[in-house]
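# Structural features, examined
Spelled out from the first residue to the last, the chains are:
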Amino acid sequence: MSDKKKNILITGGAGYIGIHCITSLVKSGYTPIIADNLYNATTGAIKAAEAIIGESIKFYNIDVLDKDALSTVFKENEIFAVIHMAALKAVGESCTIPLKYYHVNVSGTVILMEVMKEFNVKNMVMSSSATVYGTPQYLPIDEKHPIGGCTNPYGKTKLFMEEIMQDVYASDKDWNIIILRYFNPIGSHESGTIGEDPKGMPNNLAPFISQVAVGIRSELSVFGDDYDTPDGTGVRDYIHVLDLADGHSAAVQKLEQSPGLKVYNLGTGQGYSVLELVKAFEKATGKSIPYKICPRRAGDIAAGYADPKLAEQEMNWKAKRGIDEMCSDMWRWQSMNPKGYTS
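All values reported here derive from a predicted model rather than from experimental measurement. (Residues numbered from 1 in each chain as written. Predicted model: local features only at pLDDT ≥ 70, side-chain atom pairs only at ≥ 80, totals over all residues. Heavy atoms only, no water.)

## Overview of unusual backbone geometry
Most peptide bonds adopt trans geometry, and most residues besides glycine take a negative phi value. Defined as follows: Runs of E in the DSSP output that reach at least two residues are strands. Runs of H or I that reach at least four are helices, and both are numbered from the N terminus. Exposure is judged per residue with a 1.4 Å probe applied to protein chains only, and the accessible area is read against the type maximum: over 50% gives exposed, under 20% gives buried, and values in between give partly exposed.
Look at the link from Leu139 to Pro140: it is a cis peptide, with omega at -5°. Of note, Pro140 is situated in the loop between β5 (123-129) and α6 (153-171). A positive phi is found at Asn120, a non-glycine position, where the angle reads about 60°. Positionally, Asn120 belongs in the loop between α5 (98-118) and β5. Relative accessible area serves as the criterion here: at 58%, Asn120 is assigned to the exposed category.

Right, dumping it as structure tokens:
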């Protein structure tokens, strides 16, 4: 990398994963720029990240659906690569408002890539999801596992976004695109000053557990205890958000090598059930987490965990943090910020 720091535009960069990626990108010698409409984020996260990295972050309060506003960002900055995270992401919600999910996630991707092409910025890291694998045909899931058969509209939007990128690359080999299929990010920065701050009812398990522990909610809802798993509850591959963030930095560094189009799983390779995560969180907090068993949710699978070896082989990336560290870091954030960001 040259002495001049390269600008990395992060769409949705003020969100939970994006804000942690910023700390990792800066450590890796890049300059992050945020574009976010603050639909599920806050400027408080940006301020907290600035305090961690010791420098200001350029922020554009824009929507990826606004082509003119996006164009302005590219006019005003020399962008090396885009990390595309801006998307709606709740599995359950996607089943009730699918049109909104297709509009934001799919149309937003098309508009972004049109602007990138116009400004000849053809380096991209895409925030995808293990949901594109649908119901697993085998475990652990590697990148050769068939995709499709998604069990919810959210997963389908990620699948379509991937397909769009495959087609764009097939038509123009000047593009370099790395698709990162996340498993289940949890945890927070070790400082406890940035973390997951969902607006309204949490859609993911980990923030719901931590809100129960801190007293915001009375009990956890466990959706289904009759899956074909050791304790009947759903099994997932939980990955520390800082490991996930480092995976994005590794992907941007990979783009420096003009790799073409690549797909990598970001996970630990270890599955934990809902009840195992509850126990790990009880251990981290010293508190009891009351829960009730509820019917299964539409779109949920019994078990899913990654084979992450390809990312280690080709990007020199591997998850380092275990479930205890995930839970203790998550609890540090929640206990220090029981109401989330204050601005």
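## Things to note about the environment of Leu220
Selection criterion: When checking whether two residues touch, look at their non-hydrogen atoms; a contact exists if any pair is within 4.5 Å.
Topologically, Leu220 is positioned in strand β8 (residues 220-223). In this structure, the C-alpha to C-alpha distance between Leu220 and Lys292, residues 72 residues apart in sequence, is 6.3 Å. Leu220 has contacts with Leu205, Phe208, Ile209, Val212, Val278, Pro290, Tyr291 and Lys292, leaving out every residue within four places of it along the chain.

## Regarding the packing of α5 against α6
Stated precisely, the cut-off is as follows: Convention adopted: a line fitted to C-alpha atoms gives each axis, helices being fitted over their contacting stretch, and angles between N-to-C directions are expressed from 0 to 180 degrees. For classification purposes, an angle smaller than 35 degrees is called roughly parallel, one larger than 145 roughly antiparallel, one from 65 to 115 roughly perpendicular, and anything else oblique. Here a crossing is called left-handed whenever its near helix is offset anticlockwise from the far helix by less than a right angle, and right-handed whenever the offset is clockwise. Residues are grouped as follows: Ala, Val, Leu, Ile, Met, Phe, Trp, Tyr, Cys and Pro are nonpolar; Asp, Glu, Lys and Arg are charged; all remaining types, including Gly, are polar.
At a closest axis distance of 9 Å, the pairing of α5 and α6 adopts a crossing angle of 20°. Relative to α6, α5 is oriented roughly parallel. Judged by the twist between their axes, the crossing of α5 over α6 is right-handed. Every residue of α6 that contacts α5 at Pro98, Tyr101, Tyr102, Asn105, Val106, Thr109, Val110 and Met113 is listed here: Pro153, Tyr154, Lys156, Thr157, Phe160, Met161, Ile164, Met165 and Val168. Classifying every residue of the contact of α5 with α6 by side-chain character gives 13 nonpolar, three polar and one charged.

## Quick word on the sheet that holds strand β9 (residues 235-236)
Convention followed: Only when DSSP finds a minimum of two bridges between them are two strands counted as paired.
Strand order in this open sheet of three strands is β12-β9-β14, and the pairing throughout is mixed. Each having just a single partner strand, β12 (272-273) and β14 (303-304) make up the two edges of the open sheet. Judged from the two bridges that link them, β9 and β14 form a sheet pairing that is parallel. Each bridged residue has a counterpart across the sheet, and for Val235 the counterpart in β14 is Ala303.

## Observations regarding the UniProt feature "domain: NAD(P)-binding" (unreviewed entry) in the protein
We apply this condition: UniProt positions are given in the numbering used here, feature names are shortened, and annotations may be inferred rather than shown by experiment.
The feature "domain: NAD(P)-binding" (unreviewed entry), as annotated in UniProt, sits at residues 9-330 in this numbering. Structurally, residues 9-330 is divided into 41% helix and 18% strand, and its ends, taken at the C-alpha atoms, are 26 Å apart.

## Let's talk about the sheet that holds β5
The seven strands are arranged β3-β2-β1-β4-β5-β6-β11 in an open sheet whose pairing can be described as parallel. The open sheet is flanked by β3 (58-60) and β11 (261-266), the only strands paired with a single partner. Within the sheet, the average angular offset between the axes of one strand and its neighbour, ignoring direction, is 20°. When strand β1 (residues 7-11) meets strand β2 (residues 31-35), the two strands line up parallel, connected through five bridges. Its bridge partner being in β2, Asn7 is matched across the sheet by Thr31.

## Comments concerning helix α3 (residues 67-76)
Rule in force here: Each polar contact in these results corresponds to two N or O atoms within 3.5 Å; when the atoms are within protein, one needs to be able to donate a hydrogen and the other to accept it, and residues that are neighboring in sequence are counted only if both atoms are side-chain atoms.
Within the sequence span of α3, burial applies to Ala69, Leu70, Ser71, Val73 and Phe74. Residues of α3 that are buried make contact with β1, β3, β4 (79-84) and α5. Here α3 starts with a cap whose side-chain oxygen sits 3.3 Å from the backbone nitrogen of Asp68, and that cap is Asp66.

## Side note on the side chain of Asn176
Counting through the fold element by element, Asn176 comes out in strand β6 (residues 176-182). With a relative accessible area of 7%, Asn176 lands in the buried category. A distance of 3.2 Å separates the side chain of Asn176 from the side chain of Asn123, its partner in a polar contact. Look past the residues within four positions of Asn176 in its chain and what remains in contact with it is Lys122, Asn123, Met124, Leu255, Ser258, Pro259 and Gly260.

## Section: the pattern of salt bridges
The cut-off we apply is this: Salt bridges are identified by distance alone: a Lys or Arg side-chain nitrogen within 4 Å of an Asp or Glu carboxyl oxygen.
What the rule picks out here adds up to 13 salt bridges. Where Lys262 meets Glu314, a salt bridge forms, and the shortest distance between an N and an O atom there is 3.6 Å. Of this pair, Lys262 sits in strand β11 while Glu314 sits in helix α10 (residues 309-315), and the two are 52 residues apart along the sequence. The exposure class of Lys262 is partly exposed, given its relative accessible area of 26%. Members of the salt-bridge network, linked through shared partners, are Asp243, Arg321 and Glu325.

## Quick word on the packing of aromatic side chains
What describes a pair of aromatic rings is the distance from one ring centre to the other and the angle between the planes of the rings. To keep it simple, the criterion reads: Each aromatic pair joins two rings of Phe, Tyr and Trp (for Trp, the six-membered one) with centres within 6.5 Å, and gets the label stacked for planes under 30 degrees apart, edge-to-face for over 60, and tilted for any other angle.
A full pass over the atoms with the stated rule returns four aromatic pairs. Plain terms: the ring middles of Tyr102 and Phe160 are 6.0 Å apart, the flat faces sit at 25° to each other, and that makes the pair stacked. Of the two residues, Tyr102 sits in helix α5 while Phe160 sits in helix α6, which places them 58 residues apart along the sequence. By relative accessible area, Tyr102 is classed as partly exposed at 26%. Relative to Trp331, the ring of Phe281 has its centre 6.1 Å away and its plane inclined at 85°; by these criteria the two rings are edge-to-face.

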